[in-house]
Amino acid sequence: MAVPKGKTSKQRKHTRSANWKISAPNLVECSHCHEMKENHRVCPNCGYYDGKQVVAQKEKKAN
């Protein structure tokens with residue numbers, strides 16, 4: 001059975017998990033309403049995806 005030869009220091013242990021970065025999502029223009037949206041997602045503004053209406057949007061009331 002494999003046994004570590006010595007104790008792993010805190011620095012070495014924390015360095016292994018510090019190699020990730022949080023990045024901003026890629027945004028593209030909606031082909032229907034021309035608003036910015038995330039890739040491969042339904043447009044939150046108009047409800048279209050791939051040129052087809054997927055989600056019916058509720059009408060906004062004017063006050």
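Here the structure is shown first, and the text comes after it.
A quick note: this is a predicted structure, and the numbers were derived from the prediction, not measured.

**Points about the overall build of the protein**
Then comes step 1: Along its length, the protein carries one helix and four strands.
Then comes step 2: Its helices and strands in sequence order give the protein the pattern α-β-β-β-β, from N to C terminus.
Then comes step 3: Relative to a compact globule of 63 residues, whose C-alpha radius of gyration would be 11 Å, the protein shows 24 Å and is clearly more extended.
Then comes step 4: Projecting the C-alpha coordinates of the protein onto the three principal axes gives extents of approximately 70 × 30 × 20 Å.

**Here's the deal with the environment of E29**
Then comes step 1: Take E29: it is sitting in strand β1 (residues 27-29).
Then comes step 2: Given the relative accessible area of 48%, E29 is considered partly exposed.
Then comes step 3: At 2.7 Å, the side chain of E29 forms a polar contact with the side chain of H34.

**Considering the environment of S9**
Then comes step 1: With respect to the helices and strands, the residue S9 is situated in the segment before α1 (10-16).
Then comes step 2: Placed 33 residues apart in sequence, S9 and V42 show a C-alpha to C-alpha distance of 47 Å.
Then comes step 3: Separated by 3.2 Å, the side chain of S9 and the backbone nitrogen of R12 make a polar contact.

**A short note on unusual backbone geometry**
Then comes step 1: The phi dihedral of H40 is positive, around 55°, even though this residue is not glycine.
Then comes step 2: Residue placement: H40 occurs in the loop between β2 (36-38) and β3 (48-49).
Then comes step 3: For D50, which is not a glycine, the phi torsion comes out positive at approximately 60°.
Then comes step 4: With respect to the helices, strands and loops of the structure, D50 is situated in the loop between β3 and β4 (52-53).

Reading the values: the criteria
Residues numbered from 1 in each chain as written. Predicted model: local features only at pLDDT ≥ 70, side-chain atom pairs only at ≥ 80, totals over all residues. Heavy atoms only, no water. Helix = DSSP H or I, 4+ residues; strand = E, 2+ residues; numbered from the N terminus. Rg over C-alpha atoms; globule rule 2.2 N^0.38 Å. Buried < 20%, exposed > 50% of the residue type's maximum accessible area, 1.4 Å probe, protein only. Polar contact = N/O pair within 3.5 Å; in protein donor to acceptor, adjacent residues only side chain to side chain.

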